[in-house]
Amino acid sequence: MKKPFARRFGRALAVLALVGASTQLTPAAAATPALQSIVPVPVSVTPAAGVAFPLVSTTSIVTEAGSAPARQVGDYLAAVLRPSTGYALPVSDAPAAVPSGSIALLLSGAPAAVGTQGYQLVSTASSVTVRAITADGLFAGVQTLRQLLPGRVESASPQPGPWSVPGATILDYPRFAYRGAMLDVARHFHPVPTVKRYIDQLAQYKINNLHLHLSDDQGWRIQIDSWPRLTTYGGSTQVGGGPGGYYTKAQYTDIVNYAASRHITIIPEIDMPGHVNAALASYAELNCNGVAPALRTDIAVGYSSLCISKDITYTFVADVLRELAALTPGPYIHIGGDEASATSQADYLTFMNKVLPLVAATGKSVVGWHDIAKATLPASATPQFWGTSTSDAGVSAAVSRGSKVILSPANKAYLDMKYNSSTPIGLSWAGYIEVQDAYGWNPGAYLSGVGESAVRGVESPLWTETVVTPSDIEYLAFPRLAAHAELGWSPWSTHDWTAFRTRLGAQAPRWVAQGINFYRSSQVPWDTGGTNPGSCADPAWSATQVYTGGNVVSHNGHKWTAKWWTRGEEPGTTGQWGVWADNGVC
C-alpha cells in the first residue's frame, strides 16, 4: 500500500519545482437550493413547492417513546443545532400524534424499502418527521436533515437566522451496507481528540465504519497487557523521529464508544506477517535470529516479517487478537497481510493457515488486504482490494467461494494520494487523484469477477507518512471523502459528475462553519455564500504566473494576496504554507 516518499520540508526550494500546466478554473457558484445539495444524493426526493418548516425558538424534538437509541439520536441532533441557533430544542418522548412545531424521530411507520439503514424524511409547514426501522436509519436521516438547513447551522457559536427546512418527502437507503474510512495512526500517531473529530466528520456523510491501522514498522499504537513493550518501546517513535504514542485500553474503548454514538463501527488492524518492525524491535524472541532490530522512522516497506517457524509467533498473535477482540464489540478484526515481501510464499500460506483460525477463535470475522486471498479463505473472510488494476485472480477465487469484497483501489480511493503535482502533502505512487477521479468509478463493476452482489462496500484509506495534524487529515480527505461516500450510499442510477460537483460545492459553507481545512478543487463550483460570487474585478489567478507580495488576484469567488514569491500554488489549497492571504468573498 505504500511506496517510499521523501517529504519536502524546504518549501521555498520546493516551490521552484511547481511550475505546472495551467488549470481551467471553475467559477464559484451561488447558493444551491437545499434539496439539490444533499451528499450523498438520496434515492428519491419529492419537493413540496411553497412549503417550509421554520426552525424557531419554540421548536422541540420528540423521539420514539420508550426507545433509548432513538432518544440518543434526538440528543445528538439537539447538540448539533443548539450552538448555532441558540434554541433550547428540548428532547422528549413522542406522543401518539406528531406535535406541531416539532422534529420527530420515530421507529414506526417507515416504508419497508428503507431496510435497516435507510429512512423516510417528510417535512411540512408544521413538522419534520424522520421514520426508520432502526436507530441507524434515524441517524442517517438526521444527517440529511442537517444538510437541509443553511451551512452556518454547523457553527459552534450563535448565527443569525432564519432557519428553514424546505418541504419535501425523501426516501433513502444505502447501495452498500459497508461504507468505510481508514486512518493510519501507526506512521504518525494521532491522539484521541483527532480521531473523534474525524469520526464526527465521517458520520455526516453516512460512513459507518472506521478502520484503524494500529501497527506498522514505525509504531505500535494499542496497549497489549501480555506484551507491554509493544507500546512502551514499539510505540515510542514515528515517521521522522517524533515521540509517537499509543492508546491505552481505556482510550481505545473511549474511541469505540464515541464511534458507536455516531453509529460507526471500529475495525482494528494489526498488520501481519509483514509491517512488523515495531513488534520485532520490542521483542527479540519474535525474530528468527533472536536479535531485535532497531526502531525505524523512515517509510520503507516490505523488509520485516514475523518468524513463521517459531511457536512463539503464534502465541504472540493469539494474545494480541484475544486482547484486541475483547476491546472491540464490532464483528471484524483486520489482519493486514499486505506487502509481505520478506516472507516466502510458502511461509505466507503457512502463516495464514494458522492465523485465520486464531481470529475465528475470538468470535470475529477476518478482514485483510487483498493479498490474503492467496490463501484459501473461509466465506466469512473479506479481502480488501487496494490494487491499481481492475482484476485479481485471488480476489475472484475468494468471491467464487462466497467471500464479499471491500473496494479501496489505490488510484481511486486512497486519500493520501496527492490531488496534483502542487499538493503540498501526500504521496503519488498510485497517481494523482482529483475529485472527479475519486468520483468517477463504479464499485459494483470495477473488478473482474466481482459483481455488485459480491461487494460489501467501499473504504477510503488515509495513510499518514506525511500527515501530522488534523488539518492535514482534512486537507486530503475533503472533498474526496464525500465523493466516496456517495459511491457507497447512492444508487448507481444517480451517478452524475455534473450534478455531483454542484452538490459538493454546496458543502463549502458547512465545512467553513466547522473549520474543516478542505481542498478547494478548481473542478468544483464552491458556494461562497454570496449572491453573485466570482465577479471580482481583480485578474484571475494563473498557475503559470509569478506573483510577488502585494499582487491581488481573484479565484473561486475570493480575493487573494500573494504573501511571497510563488508560482503554481493555488489560492485556497495550500494555505498551510502561508503563500496566499484570503481577503474574503468578492
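This text follows the structure it describes.
Description of the structure in this document. Here the structure is a predicted model, which means the values were calculated and not measured.

**Brief notes about the nonpolar core**
Nonpolar side chains tend to gather and get buried jointly when the protein is soluble and globular.
For step 1, the next point in the chain: Ranked by size, the top nonpolar core spans 136 residues in total, and within it Tyr198, Trp220, Ile222, Tyr247 and Phe316 carry the most contacts.
For step 2, the next point in the chain: Take this core: its biggest share by element is eight residues, from helix H8 (residues 311-327).

**Brief notes about the pairing of strand S4 (residues 102-106)**
For step 1, the next point in the chain: With five of its five residues buried, S4 lies for the most part within the structure.
For step 2, the next point in the chain: One ladder, built from four bridges, connects strand S2 (residues 60-63) with S4; its direction is parallel. Residue pairing for S4: Val62 is matched across the bridge by Ala104.

**Observations concerning the state of the cysteines**
For step 1, the next point in the chain: According to the stated counting rule, one finds one disulfide in the structure shown.
For step 2, the next point in the chain: Here Cys288 engages in a disulfide with Cys307; their sulfurs sit 2.0 Å apart. Its torsion about the S-S bond being 105°, the disulfide of Cys288 and Cys307 is classed as right-handed. Placement of the pair is Cys288 in the loop between helix H7 (277-282) and H8 and Cys307 in the loop between H7 and H8, with a sequence separation of 19 residues.
For step 3, the next point in the chain: For Cys288, a relative accessible area of 56% translates into the label exposed.
For step 4, the next point in the chain: By relative accessible area, which is 1% here, Cys307 ends up buried.

**As for the side chain of Arg175**
For step 1, the next point in the chain: The residue Arg175 is located in the loop between strand S7 (163-172) and strand S8 (178-184) in this model.
For step 2, the next point in the chain: When its relative accessible area of 16% is taken as the criterion, Arg175 is described as buried.
For step 3, the next point in the chain: Polar contacts involving the side chain of Arg175 include one to the side chain of Glu452, which spans 2.7 Å.
For step 4, the next point in the chain: In this view, Arg175 contacts Asn442, Pro443, Gly444, Glu452, Leu487, Gly488, Trp489, Ser490 and Trp492; residues no more than four positions away in its chain are not counted.

**Brief notes about the environment of Thr134**
For step 1, the next point in the chain: Positionally, Thr134 belongs in the loop between strand S6 (127-131) and helix H3 (135-147).
For step 2, the next point in the chain: Residues contacting Thr134, with those up to four places away along its chain left out, are Leu107 and Thr116.

**Side note on unusual backbone geometry**
Of all residues except glycine, most have a negative phi; of all peptide bonds, most are trans.
For step 1, the next point in the chain: In this model, Val39 is joined to Pro40 through a cis peptide bond whose omega is -5°.
For step 2, the next point in the chain: Tracing the sequence through the fold places Pro40 in the loop between helix H1 (11-14) and strand S1 (44-55).
For step 3, the next point in the chain: Put simply, Phe478 and Pro479 share a cis peptide bond, and its omega is 20°.
For step 4, the next point in the chain: Mapped onto the secondary structure, Pro479 falls in the loop between helix H13 (470-477) and helix H14 (480-489).
For step 5, the next point in the chain: In this model, Glu339 sits at a positive phi of 45°, which is unusual for a non-glycine residue.

Each value, and the rule that gives it
Think of each chain on its own: its residues are numbered from 1, step by step along the sequence as written. In keeping with the predicted nature of the model, local features appear solely for residues at pLDDT of at least 70, side-chain atom pairs appear and are counted solely at 80 or more, and the whole-chain, interface and lining totals rest on all residues. With hydrogens and water excluded, all non-hydrogen atoms of the structure serve as input to the side-chain values. Here, nonpolar core means buried Ala, Val, Leu, Ile, Met, Phe, Trp, Tyr and Cys residues that are tied together by side-chain atoms lying within 4.5 Å of each other. Note on exposure labels: buried denotes an accessible area under 20% of the residue type's maximum, exposed denotes more than 50%, and partly exposed covers the range between, all computed with a 1.4 Å probe on protein chains only. Secondary structure is summarised from DSSP: a helix means a run of H or I of at least four residues, a strand means a run of E of at least two, and numbering begins at the N terminus for each. Think of it this way: DSSP has to see at least two bridges between two strands before they count as a pair. Cysteine sulfur atoms that come within 2.5 Å of each other are treated as a disulfide pair. Contacts described as polar in this section are N or O atom pairs within 3.5 Å, which, within protein, must combine one atom able to donate a hydrogen with one able to accept it, while residues neighboring in sequence count only if both atoms come from side chains. For this analysis, residues touch if any pair of their heavy atoms sits within 4.5 Å.

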